[in-house]
4 protein chains.
Amino acid sequence: MRNRRTDLALESHQLWQQQAGQTTQLPGVKAEDRTREGFPVTAVQVLDREGARALDKEMGTYLTLTLDGLERREEDSFFRAVRAVAAELSTLLPPPVENSPVLVVGLGNPAITPDALGPLVHRHTLVTRHLIAQMPDTFAGFGCVAGIAAGVLGTTGLESGEVVSSLCRTLHPSCVVAVDALAARSVHRLCRTVQLCDAGISPGSGVGNHRTPLNQETLGVPVIAIGVPTVVDAATLAADLLNSDQPPDLDDRGGLFVTPRDIDSQIRLLSRVIGYGIDLALHPGLSPEELELLLD
Amino acid sequence: MRNRRTDLALESHQLWQQQAGQTTQLPGVKAEDRTREGFPVTAVQVLDREGARALDKEMGTYLTLTLDGLERREEDSFFRAVRAVAAELSTLLPPPVENSPVLVVGLGNPAITPDALGPLVHRHTLVTRHLIAQMPDTFAGFGCVAGIAAGVLGTTGLESGEVVSSLCRTLHPSCVVAVDALAARSVHRLCRTVQLCDAGISPGSGVGNHRTPLNQETLGVPVIAIGVPTVVDAATLAADLLNSDQPPDLDDRGGLFVTPRDIDSQIRLLSRVIGYGIDLALHPGLSPEELELLLD
Amino acid sequence: MRNRRTDLALESHQLWQQQAGQTTQLPGVKAEDRTREGFPVTAVQVLDREGARALDKEMGTYLTLTLDGLERREEDSFFRAVRAVAAELSTLLPPPVENSPVLVVGLGNPAITPDALGPLVHRHTLVTRHLIAQMPDTFAGFGCVAGIAAGVLGTTGLESGEVVSSLCRTLHPSCVVAVDALAARSVHRLCRTVQLCDAGISPGSGVGNHRTPLNQETLGVPVIAIGVPTVVDAATLAADLLNSDQPPDLDDRGGLFVTPRDIDSQIRLLSRVIGYGIDLALHPGLSPEELELLLD
Amino acid sequence: MRNRRTDLALESHQLWQQQAGQTTQLPGVKAEDRTREGFPVTAVQVLDREGARALDKEMGTYLTLTLDGLERREEDSFFRAVRAVAAELSTLLPPPVENSPVLVVGLGNPAITPDALGPLVHRHTLVTRHLIAQMPDTFAGFGCVAGIAAGVLGTTGLESGEVVSSLCRTLHPSCVVAVDALAARSVHRLCRTVQLCDAGISPGSGVGNHRTPLNQETLGVPVIAIGVPTVVDAATLAADLLNSDQPPDLDDRGGLFVTPRDIDSQIRLLSRVIGYGIDLALHPGLSPEELELLLD
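The written sequence of each chain sets the order in which its residues are numbered from 1. Naming scheme: in the order in which they are written, chains are lettered from A and ligands are numbered from 1. Given that the model is predicted, a residue must reach a pLDDT of at least 70 before its local features are reported, and side-chain atom pairs must reach 80 or more before they are shown or counted; all residues, however, enter totals for whole chains, interfaces and linings. The basis for every side-chain value is the complete set of non-hydrogen atoms in the structure, without hydrogens or water.

Draft legend 1. Summary view of the overall build of chain A. When its secondary structure is counted, chain A shows eleven helices and nine strands. For chain A, whose C-alpha radius of gyration is 19 Å, the value lies close to the compact-globule estimate of 19 Å for 296 residues. Overall size of chain A, expressed as C-alpha extent along the three principal axes, is 60 × 45 × 40 Å. Remark: exposure states derive from per-residue accessible area (1.4 Å probe, protein chains only) relative to the maximum for the residue type, with buried under 20%, exposed over 50%, and partly exposed in between. Across the 296 residues in chain A, those meeting the buried criterion constitute 62%. Throughout, the Shrake-Rupley method with a 1.4 Å probe supplies accessible areas, and for residues the shown protein chains are the sole cover considered. Just so you have it, chain A exposes about 11200 Å², and 49% of that area is on carbon and sulfur atoms. Counting from the N terminus, the helices are DSSP H or I runs at least four residues long and the strands are E runs at least two residues long. It is over C-alpha atoms that the radius of gyration is taken, and the globule rule equals 2.2 Å times the number of residues to the power 0.38.

Draft legend 2. Highlighting the interface of chain C and chain D. Between chain C and chain D, the contact holds 29 residues from the first and 29 residues from the second. When two parts are brought into contact, each loses some accessible area as probed by a 1.4 Å sphere; the total of that loss over both is the buried area. Summing both partners gives a buried area of about 2700 Å² for chain C against chain D, and 54% of it is carried by carbon and sulfur. We define a salt bridge as a side-chain nitrogen of Lys or Arg found within 4 Å of a carboxyl oxygen belonging to Asp or Glu. At the junction of chain C with chain D, the criterion picks out zero salt bridges. Distance and chemistry together define a polar contact, namely a pair of N or O atoms within 3.5 Å, with one atom able to donate a hydrogen and the other to accept it when in protein, and with adjacent residues in sequence counting only for side-chain atoms on both sides. For the interface between chain C and chain D, the tally reads seven residue pairs in polar contact (both at pLDDT 80 or more). Within the residue set of the side of chain C that touches chain D, elements represented by two or more residues are α9 (234-241) and β9 (256-260) of chain C. Note on contacts: a residue pair is in contact if any heavy atoms of the two residues lie within 4.5 Å.

Draft legend 3. Up close: the pattern of salt bridges. In total, this model carries 28 salt bridges over all chains according to the counting rule given. Put simply, Arg36 of chain C and Glu88 of chain C hold a salt bridge, and the shortest N to O gap is 2.7 Å. Placement of Arg36 of chain C in strand β1 (residues 29-36) and of Glu88 of chain C in helix α3 (residues 77-92) is noted, with a sequence separation of 52 residues between them. Judged by relative accessible area, Glu88 of chain C falls into the buried class, the value being 0%. When salt bridges with common partners are traced through the structure, they connect Arg34, Arg36 and Glu88 of chain A into a single cluster.

Draft legend 4. Representation of the interface of chain B and chain D. Each side of the interface is counted separately: chain B has eleven residues, and chain D has eleven residues. For the pair chain B and chain D, the number of links is zero salt bridges. Counting the contacts that link chain B with chain D gives zero residue pairs in polar contact (both at pLDDT 80 or more). Mapped onto the side of chain B that touches chain D, the elements with two or more residues apiece are α3 (77-92), α10 (263-282) and α11 (288-294) of chain B.

Draft legend 5. Here's a closer look at the packing of aromatic side chains. Pairing of aromatic rings covers Phe, Tyr and Trp, the last counted by its six-membered ring, and requires centre-to-centre distances within 6.5 Å; plane angles under 30 degrees mean stacked, over 60 mean edge-to-face, and any other angle means tilted. According to the stated counting rule, one finds twelve aromatic pairs over all chains in the structure shown. Consider the rings of Phe78 of chain C and Phe79 of chain C, whose centres lie 5.2 Å apart with planes at 75°: the pair is edge-to-face. Of the two residues, Phe78 of chain C and Phe79 of chain C, neither departs from the other in class, the shared state being buried. Ring centres of Phe139 of chain D and Phe142 of chain D lie 5.2 Å apart, and the angle between their planes is 55°; this geometry places the pair in the tilted category. Its relative accessible area of 17% is what places Phe139 of chain D among the buried residues. Three or more aromatic residues joined by ring pairs make a cluster, and in this case those are Phe78, Phe79 and Tyr276 of chain A.

Draft legend 6. Molecular detail of the side chain of Ser166 of chain D. With respect to the element layout, Ser166 of chain D can be found in helix α7 (residues 160-171). Ser166 of chain D gets classed as buried once you look at its relative accessible area, which sits at 1%.

Draft legend 7. Up close: helix α3 (residues 77-92) of chain D. All names here are of chain D. Between its terminal C-alpha atoms α3 stretches 23 Å, which fits the 22 Å expected from 16 residues at 1.5 Å a residue. For α3, the tally of buried residues reaches twelve of 16 residues, placing the bulk of the element in the interior. Among all positions of α3, only Ser77, Phe78, Phe79, Arg80, Ala81, Val82, Ala84, Val85, Ala86, Glu88, Leu89 and Leu92 are buried. Take the residue count of a helix, subtract one, and multiply by 1.5 Å to get its expected span.

Draft legend 8. Representation of the relation of the copies chain C and chain D in the model. C-alpha atoms of residues with pLDDT of at least 70 in both copies form the basis for the least-squares superposition of the copies. For the match of chain C to chain D, the screw axis carries a shift of 0.0 Å, the RMSD comes to 0.0 Å, and the turn is 180°. Within this description, the copies of the chain are treated as partners about a two-fold rotation axis. Minimal C-alpha distance to the rotation axis in chain C is attained by Val258 of chain C, lying at 2.2 Å. Looking at the interface residues of chain C, 100% of them are also at the interface in chain D, so both copies use one shared face.

Draft legend 9. A look at the packing of helix α3 (residues 77-92) of chain A against helix α10 (residues 263-282) of chain A. Residues and elements named next belong to chain A. Between α3 and α10, the least distance of the axes is 8 Å, while the angle of their chain directions is 50°. Our classification of the angle between α3 and α10 gives oblique. Here the hand of the crossing between α3 and α10 comes out right-handed. Facing Phe78, Ala81, Val82, Arg83, Val85, Ala86, Leu89 and Ser90 of α3, the residues of α10 in contact are Leu269, Arg272, Val273, Ile274, Tyr276, Gly277, Ile278, Leu280 and Ala281. In this classification, the charged set is Asp, Glu, Lys and Arg, the nonpolar set is Ala, Val, Leu, Ile, Met, Phe, Trp, Tyr, Cys and Pro, and all remaining amino acids, among them Gly, are polar. Here the residues of the contact of α3 with α10 are counted per class, giving 13 nonpolar, two polar and two charged. Lines fitted to C-alpha atoms define the axes here, with helix axes fitted over just the stretch in contact, and angles between the N-to-C directions of these axes take values from 0 to 180 degrees. Comment on the angle field: the value is read as roughly parallel under 35 degrees, roughly antiparallel over 145, roughly perpendicular from 65 to 115, and oblique elsewhere. Here a crossing is called left-handed whenever its near helix is offset anticlockwise from the far helix by less than a right angle, and right-handed whenever the offset is clockwise.

Draft legend 10. The pairing of β9 of chain C, seen in detail. Across the five residues of β9 of chain C, five count as buried, placing the element largely inside the fold. A strand pair is defined by DSSP finding two or more bridges across the two strands. Where strand β8 (residues 223-233) of chain C lies against β9 of chain C, two bridges are found, and the strand directions are antiparallel. Each bridged residue has a counterpart across the sheet, and for Asp233 of chain C the counterpart in β9 of chain C is Phe257 of chain C. In the sheet, β9 of chain C pairs with strand β9 (residues 256-260) of chain D via five bridges, with the strands oriented antiparallel.

Draft legend 11. The arrangement of the environment of Val194 of chain D in detail. Residue and element names in this part refer to chain D. Examined against the element boundaries, Val194 turns out to sit in strand β7 (residues 193-197). The sequence separation of Val194 and Arg169 amounts to 25 residues, and the corresponding C-alpha distance is 29 Å. Each residue touching Val194, except ones within four places of it in the same chain, is listed here: Leu63, Thr64, Leu65, Leu67, Ile226, Gly227, Val228 and Ile274.

Draft legend 12. Highlighting the relation of the copies chain B and chain D. Take chain B, turn it by 180°, move it 0.0 Å along the axis, and it overlays chain D with an RMSD of 0.0 Å. An overlap of 100% is found between the interface residues of chain B and their copies at the interface of chain D, pointing to a shared contact surface.

Draft legend 13. Quick peek at unusual backbone geometry. If you check the backbone angles, His172 of chain C has positive phi at about 50° while not being a glycine. Summarising the element assignment, His172 of chain C is placed in the loop between α7 (160-171) and β6 (175-184). Classification of His172 of chain C by relative accessible area gives exposed; the value is 52%. At Glu37 of chain D, a residue that is not glycine, the phi angle is positive and equals roughly 55°.

Next up, the structure:
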């Protein structure tokens, strides 16, 4: 399984079941299905170390939202998806703390299309910390939100984790919401699935290459991670096609990725869905339509 | 072979040889290897209809330049690559015609990274037609060049071929140089190979979806095509891995592509190499270093 | 008056009245005020050559829409502005001609912010010509629309007029809608005023530097021009401040412009208003909200 | 003088002299002219509080480099300008401290063209901190550099000063080099002048709106500021034209700016000059030409 790379707890779980060749319950893991705003949701809970080891995922709750129909821009799918992200996120967020902002962090490299999800979500984050400080009465109904695009090691010389933990020591946020692009195993999940979890972001995830995890332990505050698989590692696809545990060596370069043809417009669409979803969860007084006009 | 899609004559030829299981010469096709500025060049000539049918390529000369070392930005590799593109292009260009511009056309969709090669090369094209008209003495040493990014059907409602043929009827260029992103069969060729040919661009090529060919027949003037493979169709990769003629149905969407992780910076680099190479071939009085400072 | 540059017929008319020092009617010119969707509209009609000479504007109807409140993003101002542009445009458009597209042309340089209005409107144009050709029944309710960003002389070596007239000879559109950035005399009009006219675009207009006019005479079809003033020439502002007919020589460079601090976001907002307004006028079956979700 | 806004010590000094109507030396201020790489340099030293009050500038050394000829891209002007910035910066930089990075900070809003200088310089900063940590031998000849674009209050909810001081507490840099767009009084200085100073960046400077200064006092380390005037406040221009101390109220909006027509390409060019200049000062083993190929 190690050679079939995925950042989705749902896929790890499915792969385990497939390899176990049975429907028995994996000890330490609980999974259940429901729907939200018409979209399927699977909640995988990694309850203990045994479950964490079996799935190669940290302990915590992983919510997977499948946004079928969104990419075809079915008429109400956009605002339904925004509301679904907001509602699922709300189940994971700790209660707000007065005078403490929520810090929304966009991870990833804006110059690499499938890795640009986080920086683009940052653009759609409605930050209010400065407005509440200046005009507390006018912004009484808003949550206190700050946001940053953390940059990548290659262009800053700083790990995302260093940037975020420096800010946390100064800002004392009530929680961090970190958004990043992920890697999936199945091409069918690309740009169609949103995973929300309360376990933070583990090292080596996604398209990028973070080494320090962002989680309660490293940052001292709860860390909610939101991710979308935007690539399948080409070697993972090949190993799956060949039904082999040994991915073939396809290329001598840093890596080849499989992405949808229209990845650029998919990333733009998903960054609005997730950005507005975060905004809606953090500023419950707003409607998605108002956000659409406020931010562009 | 139909199921293993490639726009490179070199790969079609290699595939034929591989399937023929021998080293016999394919009738109607001549191939030879040489070097230019230290880079390997393979010239494949499709001499007659039999050769054209065997390789599924129009009759003409296909020059393939392999730019190893460029992506590692080895120090002199950039200007060597520019000079190599210019020199190979010069062997295909018809002689200049007085008062007739060369029309350099960038094909493809600037909003889809691996399809943006043509529009980016357009930005690096040193156009002079208006300057020569205004200040003929000052620009006496320059070739007469016009350029356009032809747009794509989905955003213009016009086929690239319609746009270019309309302009040709007005401008009477001495030739058209058309630049486009291509599809390869081998991941090893991605962003490392430049194909130059005098056969125009055939329908269905590349990442995009042109239906009308751009060639001497449709435009009334010689058409030199320059292309770089930027994607491998995921189904082609799968068929190759499975050694099957029947590519598996990987996804129900428009298509999945395999690209290098750093496709964004590769495309920017290659568009400068090809843009400056075209400039150097059309304005032989300039040095690559001067172009680097003139254009950015 | 020559030294106080404006592309707005409304301003030319006001300047004439101001200089005439009276309220007498200018012969050959008729002006009247009304409102549309709550926004003020002034219609200036240049009726004959005398009026054209007095205002330095071609004969025709010039509608000026003042979009106060839009920049503050008052809640319904966006869709009201879209509907107002659509309604005013509809009064100028000739009746549709079967099998003849309307050609929407974005003029200007995308690399110069205040000149990028036209290219950005092009991105928001819902083109259908190819869809109607492929699926006539599905798109029965849509107008037939094609669109292009014509580029600028400095990057194509081609005048916008050459590109558009070449296409007109091939496509035989029923009319051309040309969008461009304009120069105003008053800073109060910057990014707040939309001028629509049926007189085409005259040479020397706007931020850019077109020399061939786009009008019925040069293109053979009706030309509706839509423009927004995005700059005031700094010399014009200086002449106004000094109340002098002789603008001071402020700088030895190509020119200095006065723009609003937030010109980048103003241009993005206005390009959506005008783009969706054009779409709504050409595809009356759509609502502005549907356009907002279809295009991004 | 308060109504004639400038961020350039040179202009403050000239204005004082002009108003003093004489050539007497201003107490507490010392100014001298020299050249560097063929470009004029003026060094203004604000020596004490009296001088600081007279010029409304913090105490320190202000070096002003006038880059005439650069915008016309005279052949050797680009690399001469890079070397001149590097040489002047070197006179202000404190000696390197082992295991302590220099932190290069890009200030300003990337979405507002004349304010985008800082974020663009960040892209041209050659960061090495992570490389030195990973491969100390390979990068033995390089300075230790980290870099960040600090974002703006409106999109992060965080003052630039908060972001930078948080990082300084974690990274303990040997110094901060902060790059920002400035406001000038004279249109002739726009995009032609580089000011380098060791006094940090004062609140209210430039196009943006920082409130916390970045200086030795707030950050605990030396702060070198590099700025280029990219706008003249339209009210300042008007006050100068009218020779009035009371700038006229030109517009009811946030502000109007005077900029060169080609501000977009000027900003791109200057960000490369300053970025490579910083790189050259911090990594003395590199040549400007190597930087040009390394970074793009």
